[in-house]
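Chain by chain, the residues run as shown.
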Number of protein chains: 2
Amino acid sequence: VTITVAVDAMGGDRGPGVTVPATLAALELEPELNVLLVGRRDDIQLHLGQTAPDLRDRLRVHHADEVVEMHEHPAHALRNKKDSSMRVAINLVKEGEADACVSAGNTGALMATARFVLKTLPGIERPAIVGALPAMRGHTHMLDLGANVDSTAHMLVQFAIMGSILVKYVEGVERPTVGLLNIGVEDIKGNETIKSAGEMLKRGQLNYVGFVEADAIYLGDVDLIVCDGFDGNVAIKASEGLAQMIRHLLREEFTRNWARRLGGLAAMPALNGMRSRIDHRRYNGATLVGLNKTVIKSHGGADAFGFRHAIHTAVKEVNLGVPEHIRGELAGLEAA
Amino acid sequence: VTITVAVDAMGGDRGPGVTVPATLAALELEPELNVLLVGRRDDIQLHLGQTAPDLRDRLRVHHADEVVEMHEHPAHALRNKKDSSMRVAINLVKEGEADACVSAGNTGALMATARFVLKTLPGIERPAIVGALPAMRGHTHMLDLGANVDSTAHMLVQFAIMGSILVKYVEGVERPTVGLLNIGVEDIKGNETIKSAGEMLKRGQLNYVGFVEADAIYLGDVDLIVCDGFDGNVAIKASEGLAQMIRHLLREEFTRNWARRLGGLAAMPALNGMRSRIDHRRYNGATLVGLNKTVIKSHGGADAFGFRHAIHTAVKEVNLGVPEHIRGELAGLEAA
């Protein structure tokens, strides 16, 4: 079985400079993969260089003239960029030319375009972005990571259902534990939206364990954490900032003098071991869940290693049939 | 000049086991400090042991029979625990027996009781909790850290004003830079509350720099970050979880085998240097801002070193006259 992924080659901070090498690496690692590289032909060719013929056979460049800018208003992109690499890549999924789309472009535009072109699953109010994060034990999935602000209690419950089904297949956990992000674990904590979502989840069918605080992300207390997109984004960005500060301080402390430098050399294997275990690039590639097809969002600043991982996530979810399972289980819930 | 601090000796996860040794350490370090230790006399005496006479002179035990539980409903504590160590400590500030109160107890109960007893500054809708966090360059103050959920735009603007005045005196920065926490820096990002608060701050007198994302906390981009208490709590708790995971993974990686252990020994000075620079205990002690007097909230899990720092924060803010400055500058703003 082959799987075809449409890659938005122009998306992300560095465009084809990252997406093309990442695609070649992915083709090398995943023999069942075919890729449609969507974007400006000349820019893409420049980075294709002397691709080995066996990879070249599983790769096609699909020209698209326009580019959605990283800070462009989503509605503007949707209305005016009908020949953008992002839009054309999503169209290819819609037309059945590709099984999934991967983009490191403007998140809002990607979500708006994917919703418009691929449509939301029946009964789903709003798609959400779900991603995995490293935890002390295993890892934690979390949604929404920034697609929706001011989510209603009903939306949070739908996020919990969709996320729970995704985790079930991606992680192979029959009944993933689900926590609702709050600022305390007692029933009286939080705002009315959270309390009401908590009540609905208690009465529902999921393996709901109650409120969790944001440290649960990294402690690995639950398989899935559900939250509004504002809070999800705050948690992720605060973590990125802290990790960056720690890297910066370690560099400073390990270069203070020669003794420190030697200590740093001696500690290198352990530090590298730690770094690789929480390497955010290995977690790159979040899923736009609630759509009829698989769309994966890469971090805009991802390097080729990270973007390759986002392509891998697309292949995995297509293989597992994640959107089909969500659609099927939602229909079952509706019927019940 | 002497400064008297009322310490809620029973608050926090370990009560007098932490608050009493912390008080003794604070008395030793700060010659102008007097302390009223409020709580169950017998429990406190048990931990006072053989206190040196010169410290004993600046210390008085003030008996209070009841204790506010860590998970007690704030309204319940306010109504039923009139002889709690927390309530009595705050009463002592109200009556002028003490200049400030420090508690590691139930945050909601502390805020509710402090508001009820000490009253909010004229014109202030809701007090907030402001704390400092380590940053790549210097440190960052942030509010609200969890006292208020569903803050209105007007409340966020008041937080910005109060926080800005506090940072001005505590840090000695004439016009602290102020950022509003959002999920992107563009004007179109966030919900209506944030956008409207952003508009008001743009038209106001503060040194407002616009929206910031949560990584700005640790990058040290701005002096003060303003946010709703839900988001502030999420940012802090996510950071706590990540820091805990990193400590855990470092321990694992540095104990895998003998070579790793030796590497760990060689790296110890640098690792300790880093640890001490971001030691959360050195940042323990958040201020309940917007009240007529100084009330400091310690982390419930703080050890004696951390709690001592919370007492130090109280002394510093009384010395600087922070609540009086906030009251004065607010009156000036009203008049203008």
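Sequence positions are assigned chain by chain, starting from 1 and proceeding in written order. Chain labels run from A onward and ligand labels from 1 onward, assigned in the order the entries are written. Note on the predicted model: pLDDT of at least 70 is required for a residue's local features to be given, and 80 or more for side-chain atom pairs to be given and counted; whole-chain, interface and lining totals, by contrast, use all residues. Processing note: side-chain calculations cover all non-hydrogen atoms of the structure and skip hydrogens and water entirely.

### Structural notes on the nonpolar core
Here is the rule we go by: We define a nonpolar core as any set of buried Ala, Val, Leu, Ile, Met, Phe, Trp, Tyr and Cys residues linked to one another through side-chain atoms lying within 4.5 Å. Burial status follows relative accessibility: with a 1.4 Å probe on protein chains alone, a residue under 20% of its type maximum counts as buried, one over 50% as exposed, and anything between as partly exposed. We call two residues in contact when some of their heavy atoms are within 4.5 Å.
With 172 residues, the main nonpolar core has Met142, Ile217 and Val226 of chain A together with Met142, Ile217 and Val226 of chain B as its most contacted residues. Filtering out sequence-adjacent residues up to four positions away, Val226 of chain A remains in contact with Leu143, Leu156, Phe159, Ala160, Val178, Gly179, Leu180 and Leu181 of chain A.

### As for the packing of helix 11 (residues 258–277) of chain A against helix 11 (residues 258–277) of chain B
Note the following rule: Every axis in this analysis is a line fitted to C-alpha atoms, fitted for helices over the stretch in contact. Angles between the N-to-C directions lie between 0 and 180 degrees. A run of H or I in DSSP counts as a helix once it spans at least four residues, and a run of E counts as a strand once it spans at least two, with each numbered from the N terminus. Angles are sorted into four bins: roughly parallel if under 35 degrees, roughly antiparallel if over 145, roughly perpendicular if 65 to 115, and oblique for all others. The hand of a helix crossing depends on one turn: near helix anticlockwise from the far one by less than a right angle means left-handed, and clockwise means right-handed.
Put simply, helix 11 of chain A and helix 11 of chain B touch, their axes get as near as 7 Å, and they point 140 degrees apart. On the basis of the axis angle, helix 11 of chain A is oblique to helix 11 of chain B. In terms of crossing hand, the pair formed by helix 11 of chain A and helix 11 of chain B is left-handed. Contacts from Arg260, Gly263, Ala266, Ala267, Pro269 and Ala270 of chain A in helix 11 of chain A reach Arg260, Gly263, Ala266, Ala267, Pro269 and Ala270 of chain B in helix 11 of chain B.

### Some words on the relation of the copies chain A and chain B
Going by this rule: We superpose the copies by least squares over the C-alpha atoms of residues that have a pLDDT of at least 70 in both of them.
With an RMSD of 0.0 Å, chain A superimposes on chain B once it is rotated by 180 degrees and translated 0.0 Å along the axis. Such a combination of turn and shift is consistent with a two-fold rotation axis. Most of the interface of chain A is mirrored in chain B, where 100% of its interface residues again form contacts.

### Re the pairing of strand 11 (residues 294–297) of chain B
Residues in a regular strand project their side chains so that they alternate between the two faces of the sheet. Residue and element names in this part refer to chain B. Condition: Only strands joined by at least two bridges in the DSSP assignment are considered to pair.
Here strand 11 shows two buried faces, one formed by Thr294 and Ile296 and the other by Val295 and Lys297. Judged from the four bridges that link them, strand 4 (residues 100–103) and strand 11 form a sheet pairing that is parallel. Looking at strand 11, one finds that Ala100 is bridged to Thr294. Relative to strand 11, strand 10 (residues 286–289) is paired through two bridges, and the arrangement is antiparallel. By the bridge assignment for strand 11, Thr287 is matched with Ile296. Counted along the chain from strand 10 to the antiparallel partner strand 11, the turn is four residues long, and its residue Gly290 has a positive phi close to 105 degrees.

### Examining the sheet that holds strand 7 (residues 177–181) of chain B
Residues and elements named next belong to chain B. Overall, mixed pairing links the eleven strands, which are arranged 3-2-1-4-11-10-5-6-9-7-8 in an open sheet. In the strand order of this sheet, the two ends are held by strand 3 (59–63) and strand 8 (207–212), each with one partner. Averaged over neighbouring strand pairs, the angle between their axes works out to 25 degrees when direction is ignored. The strands that helix 2 (residues 41–48) touches are strand 2 (33–39) and strand 3; relative to strand 3, the one it contacts most, it runs at about 155 degrees.

### Some thoughts on the environment of Asp279 of chain B
Inspection of the secondary structure assignment puts Asp279 of chain B in the loop between helix 11 and strand 10. Since its relative accessible area comes to 13%, Asp279 of chain B is described here as buried.

### A closer look at the side chain of Ser164 of chain A
Topologically, Ser164 of chain A is positioned in helix 7 (residues 153–171). Leave out the neighbours within four places in its chain, and Ser164 of chain A touches Pro176, Val178, Leu206 and Leu224 of chain A.

### Comments concerning the pattern of salt bridges
Residue and element names in this part refer to chain A. Operational definition: Should a side-chain nitrogen of Lys or Arg be within 4 Å of a carboxyl oxygen of Asp or Glu, the pair is scored as a salt bridge.
The full count for this structure, using the stated rule, is 29 salt bridges over all chains. Here Glu199 ties to Lys202 by a salt bridge, and the two come within 3.5 Å at their closest N and O atoms. In this pair, Glu199 and Lys202 are both assigned in helix 8 (residues 192–203), three residues apart and thus about one turn of the helix distant. Note on Lys202: relative accessible area 49%, which makes it partly exposed.

### Looking at helix 11 of chain B
Here is the rule: Expected helix span is computed as 1.5 Å times (number of residues minus one). Fitting axes to the seven residues that end at a residue and to the seven that start at it, the angle between those axes gives the bend at that residue. N or O atoms closer than or at 3.5 Å make up a polar contact, with two conditions inside protein: a donor-capable atom paired with an acceptor-capable one, and, for residues adjacent in sequence, both atoms drawn from side chains.
Helix length check: helix 11 of chain B (20 residues) gives 28 Å between terminal C-alpha atoms against 28 Å at 1.5 Å per residue, within 8%. Its axis deflected by about 60 degrees at Ala267 of chain B, helix 11 of chain B carries its strongest bend there, up to four residues before the proline Pro269 of chain B. Buried residues of helix 11 of chain B: Arg260, Gly263, Gly264, Ala267, Ala270, Leu271, Gly273 and Met274 of chain B, and no others. Looking at the packing, one finds that the buried side of helix 11 of chain B touches helix 10 (229–253) and helix 11 of chain A together with helix 10 (229–253) of chain B. The N-cap of helix 11 of chain B, judged by a side-chain oxygen 3.1 Å from the amide nitrogen of Ala259 of chain B a few residues on, is Asn257 of chain B.

### Concerning the sheet that holds strand 5 (residues 128–134) of chain A
Strands in a sheet are paired, the pairing made by backbone hydrogen bonds, and the direction either parallel or antiparallel. All names here are of chain A. Taken together, the eleven strands give an open sheet; going across it, the order is 3-2-1-4-11-10-5-6-9-7-8, and neighbouring strands pair in mixed fashion. With partners counted over all chains shown, the strands left at the sheet margins are strand 3 (59–63) and strand 8 (207–212), one partner each. Strand after strand, the sheet turns through a mean of 25 degrees between neighbouring axes, direction not considered. Looking at chain direction, strand 5 and strand 10 (residues 286–289) are connected through three bridges and run antiparallel. When the bridges of strand 10 are listed, Ala128 appears paired with Val289.

### Let's talk about the confidence of the model for chain A
Where we set the bar: The score called pLDDT rates the predictor's confidence residue by residue, from a low of 0 to a high of 100.
Within chain A, residue pLDDT values average 93, and 99% of them lie at 70 or more. Overall fold confidence (pTM) sits at 0.93, and the ipTM for the predicted complex is 0.92.

### Focus: the side chain of Asn233 of chain A
Inspection of the secondary structure assignment puts Asn233 of chain A in helix 10. Residue classification places Asn233 of chain A among the buried positions, given a relative accessible area of 11%. Setting aside residues up to four positions removed in sequence, Asn233 of chain A forms contacts with Leu145 and Gly146 of chain A together with Ile183 and Glu213 of chain B.

### Side note on the packing of aromatic side chains
Using the following cut-off: Ring geometry is summarised as follows: Phe, Tyr and Trp rings, the Trp one being its six-membered ring, pair when their centres sit within 6.5 Å, and such pairs are stacked at plane angles under 30 degrees, edge-to-face over 60 and tilted between the two. Charges are assigned to positions over rings by a cutoff of 6 Å between ring centre and Lys NZ or Arg CZ, combined with an angular limit of 35 degrees from the ring normal.
Scanning all chains against the criterion turns up zero aromatic pairs over all chains. Lying across the ring of Phe116 of chain A, Lys119 of chain A places its NZ or CZ 5.1 Å from the centre.

### Considering a nonpolar patch on the surface
This is how the line gets drawn: The patches described consist of residues with a relative accessible area above 30% and no salt bridge, like charges being joined within 9 Å and nonpolar side chains (Val, Leu, Ile, Met, Phe, Trp, Tyr) within 5 Å. Methods summary: accessible areas were calculated by the Shrake-Rupley approach with a probe of 1.4 Å, and residue burial reflects only the protein chains presented.
The grouping of Leu262, Leu265 and Met268 of chain A at the surface amounts to a nonpolar patch, some 310 Å² of accessible area in total. Take Leu265 of chain A: it is sitting in helix 11.

### Observations concerning the packing of helix 7 (residues 153–171) of chain B against helix 8 (residues 192–203) of chain B
All names here are of chain B. Note the following rule: Side-chain classes are defined by residue name, with Ala, Val, Leu, Ile, Met, Phe, Trp, Tyr, Cys and Pro counting as nonpolar, Asp, Glu, Lys and Arg as charged, and the others, Gly among them, as polar.
Packing of helix 7 against helix 8 leaves a shortest axis separation of 8 Å and a crossing angle of 45 degrees. When the axes of helix 7 and helix 8 are compared, the pair comes out oblique. Helix 8 is crossed by helix 7, and the crossing has right-handed handedness. Here Ala153, His154, Leu156, Val157 and Ala160 of helix 7 come into contact with helix 8, specifically with Thr193, Ile194, Ser196, Ala197, Met200 and Leu201. Grouping the amino acids of the contact of helix 7 with helix 8 by side-chain chemistry returns eight nonpolar, three polar and no charged.

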